[in-house]
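# Remarks on the overall topology
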Amino acid sequence: MLIKNCRLVTSREIIFADVLIEGEKIAGIGRGLKSGEVIDAKNKFVIPGLVDVHVHMRDFEQSYKEDFFSGSKAALAGGVTTFVDMPNSSPPVIDSKTFQRRLEAASKKSLVDFGLNFGITAGNLEESKKVAPVACKIYMNGALGEIKEETLAQAIKECKAAVHAETNTSGEPKAEEEAVKKVCSLAARFKKHAHICHITLRNSLNHLNEYTTCEVTPHHLLLTGEIARVSPPLRTPADTRALWAALKSGRINIVASDHAPHEASEKEEDALAGIPNLDIMLRLFLTLVNERKITIQELVRWTCENPAKIFRIKNKGEIKIGMDADLVILNMDEKSKVDVDEFYSKAKYSPFEGQTIVGAVDRVILRGKLAFEDGDILVERGSGRLISLHPQSFCG
Ligand code: DOR
Ligand code: ZN
Ligand code: ZN
């Protein structure tokens, strides 16, 4: 397959070129390449498939909220060709048997490629080593049971740790600041990489160091106040300004969706925290590109290249010869409004509902196959595959 006349986006530049795909891989980038099947991408940006390292696909007993099939449809339509699933499912992924069972569920149902995190609880660190998670997830707020400092320290020392950094569920700024400070100081003490999930506060940023990486969500960048219930909560305008500055300067490395669907009635009656983002995350940011608030190269750095690099995901996140042919062709001019009834996610609500969007996903190619075109999904359940990981962790 040949994608002709692309404006190919890397984290540094935009290249005018054709992309030759052979089988599942990118086989050539340049001019005058030949192939039978041709897609003309004239005037369109072509970016790598997004790598979303923070997604709650629910599945198992909470399949009514989302499952790997519905969630991966939302991912595909939203330009996300690789996701990493969080372990706070029901039952949680805190032992190798459940990890295996979750892999089987994802393999059977997902349309796009995936990796899994393993949830850390007291005493299961050795168990995590029997399987190959993208990261070991630690909920310092006790979502998977109380986490003692000793467990946190050991996890940072011995695993690829990704941390929900809040010391409790109060949502108070102090709970995040203290947790971030603790994680950063442990990472520095052991000279080991630790990743901080969804950072939200200006004051948290000061604790980051050369051993830490972190991510931010679209909602913490774009919203403030009470408009959505999420954990950690939305913060103040001063915080969002600081998050944007940190993202632009590289202190924040990744944008991840924290796609956390619940049933609409649960949101109302039980005030559960979490919103679905997979369907619209990319389009929200394309709108910002059109408004010249960010560049398309920055978008690729935050949502494709950095997540693949930091989590050592093989063959993803960049359009380069030899990499998986995961491409998103964008139509930057198409106008729309966020319409939750169009979501592929089972969760049909959003604080972004009604917002004007400029920019759309025109086509998605997943490992060399045209998987999404003109709003239609063209691949079957089970076409997604477990990602491969480079052996070393971020800091060696
Ligand atoms: O908003 C959130 N929802 N934050 C979390 O940390 C958990 C997540 C969920 O699983 O619903
Ligand atoms: Zn979290
Ligand atoms: Zn989460």
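Before any of the text, the structure's been laid out above.
Please read all numbers here as calculations on a predicted model, not as lab measurements.

Cut-offs used in this document
Residues numbered from 1 in each chain as written. Chains lettered and ligands numbered in written order. Predicted model: local features only at pLDDT ≥ 70, side-chain atom pairs only at ≥ 80, totals over all residues. Heavy atoms only, no water. Helix = DSSP H or I, 4+ residues; strand = E, 2+ residues; numbered from the N terminus. Rg over C-alpha atoms; globule rule 2.2 N^0.38 Å. Buried < 20%, exposed > 50% of the residue type's maximum accessible area, 1.4 Å probe, protein only. Donors = N, O, S within 2.8 Å, 3.2 Å for Na, K, Ca; no water. Near = heavy atom within 4 Å. Polar contact = N/O pair within 3.5 Å; in protein donor to acceptor, adjacent residues only side chain to side chain. Nonpolar A, V, L, I, M, F, W, Y, C, P; charged D, E, K, R; others polar. Pairing = 2+ DSSP bridges. Disulfide = S-S within 2.5 Å. Expected span 1.5 Å × (residues − 1). Arc of directions from axis to C-beta. Contact = heavy atoms within 4.5 Å. Salt bridge = Lys/Arg side-chain N within 4 Å of Asp/Glu carboxyl O.

### Looking at the overall build of the chain
Looking only at helices and strands, the chain features 11 helices and 18 strands. Taken over the C-alpha trace, the chain has a radius of gyration of 20 Å; the compact-globule value for 396 residues is 21 Å, and the two agree within 12%. Over its C-alpha atoms, taken along the principal directions, the chain stretches across nearly 60 × 40 × 40 Å. A buried classification covers 60% of the 396 residues belonging to the chain.

### What about the coordination of the zinc ion (ligand 3)?
Here the zinc ion (ligand 3) is held by the protein donor atoms His54 (NE2), His56 (NE2) and Asp258 (OD), which lie 2.1 to 2.2 Å from it. Considered as a linear motif, the donors of the zinc ion (ligand 3) on their single chain read H-x1-H-x201-D. Separating the zinc ion (ligand 3) from the zinc ion (ligand 2) is a gap of 3.5 Å. Placement of histidine 54 in strand β6 (residues 50-55) and of aspartate 258 in the loop between β14 (254-255) and α9 (264-269) is noted, with a sequence separation of 204 residues between them. With respect to burial, histidine 54 and aspartate 258 carry one shared label: buried.

### Quick word on the site of ligand 1
Close contacts around ligand 1 come from His56, Arg58, Asn88, His164, His198, Val230, Ser231, Asp258, Ala260, His262, Ala273 and Gly274, and that covers them all. At 3.4 Å, a side-chain N or O of histidine 56 approaches an oxygen atom of ligand 1. Within the side chain of arginine 58, an N or O atom sits 2.8 Å from an oxygen atom of ligand 1. Tallied by class, the residues present in the shell around ligand 1 amount to 3 nonpolar, 7 polar and 2 charged.

### Remarks on the pairing of strand β2 (residues 14-22)
By the bridge criterion, 6 bridges tie strand β1 (residues 2-9) to β2 in an arrangement that is antiparallel. Residue pairing for β2: leucine 2 is matched across the bridge by leucine 20. Taking the residues that link successive antiparallel strands as the turn, the β1-β2 hairpin has 4 residues. The pairing of β2 with strand β3 (residues 25-30) spans 5 bridges and is classified as antiparallel. The residue bridging isoleucine 21 from the neighbouring strand is isoleucine 26, located in β3. A loop of 2 residues connects β2 with β3, the two strands running antiparallel in sequence, and glycine 23 in this loop sits at a positive phi of about 60 degrees.

### Remarks on the sheet that holds β14
Strand order in the open sheet formed by 6 strands is β9-β10-β11-β12-β13-β14, with parallel pairing between adjacent strands. One side of each edge strand has no neighbouring strand; the edge strands of this open sheet are β9 (118-119) and β14.

### Some remarks on the state of the cysteines
Inspection of the entire model under this criterion finds 0 disulfides. With no disulfide of its own, cysteine 136 has cysteine 159 as its nearest cysteine by sulfur position, at a separation of 3.8 Å.

### Let's talk about helix α5 (residues 173-190)
Given a rise of 1.5 Å per residue, 18 residues ought to cover 26 Å, and the 26 Å separating the end C-alpha atoms of α5 matches this to within 8%. For α5, the set of buried residues is Ala175, Glu176, Ala179, Val180, Val183, Cys184, Leu186 and Ala187. Taken end-on, α5 shows its buried residues confined to a sector of 160 degrees, consistent with a single buried face. Projecting away from the buried face of α5 at angles above 90 degrees are the exposed residues Lys174, Lys181 and Arg189.

### As for the side chain of asparagine 117
The topology assignment puts asparagine 117 in the loop between β8 (113-116) and β9. Within polar-contact distance, the side chain of asparagine 117 engages the backbone nitrogen of alanine 135 at 3.0 Å. The residues contacting asparagine 117, other than those within four sequence positions of it, are Val84, Asp85, Met86, Pro87, Val93, Phe99, Pro133, Val134, Ala135 and Lys137.

### What to know about the pattern of salt bridges
Using the criterion set out here, one finds 23 salt bridges in the structure. For aspartate 324, the salt bridge goes to lysine 25, with nearest N and O atoms at 2.8 Å. Here lysine 25 lies in strand β3 and aspartate 324 lies in the loop between α11 (296-310) and β15 (327-337), a separation of 299 residues in the sequence. Across the salt bridge formed by lysine 130 and glutamate 127, the nearest N and O atoms sit 2.9 Å from each other. Given the relative accessible area of 60%, lysine 130 is considered exposed. Where salt bridges share partners, they join Glu24, Lys25, Asp113, Lys316, Asp324, Asp326, Arg367 and Arg385 into one cluster.

### A short note on helix α1 (residues 68-77)
In terms of burial, α1 is largely enclosed, as 8 of its 10 residues are buried. Among all positions of α1, only Phe68, Ser70, Gly71, Ser72, Ala74, Ala75, Leu76 and Ala77 are buried. Where α1 is buried, its residues contact β7 (80-85), α2 (96-109), β16 (356-366), β17 (369-373) and β18 (376-377). Backbone nitrogen of phenylalanine 69 and a side-chain oxygen of the N-cap are separated by 2.9 Å at the start of α1; the cap is aspartate 67. Looking one or two residues beyond α1, the residue adopting positive phi is glycine 79, at roughly 80 degrees.

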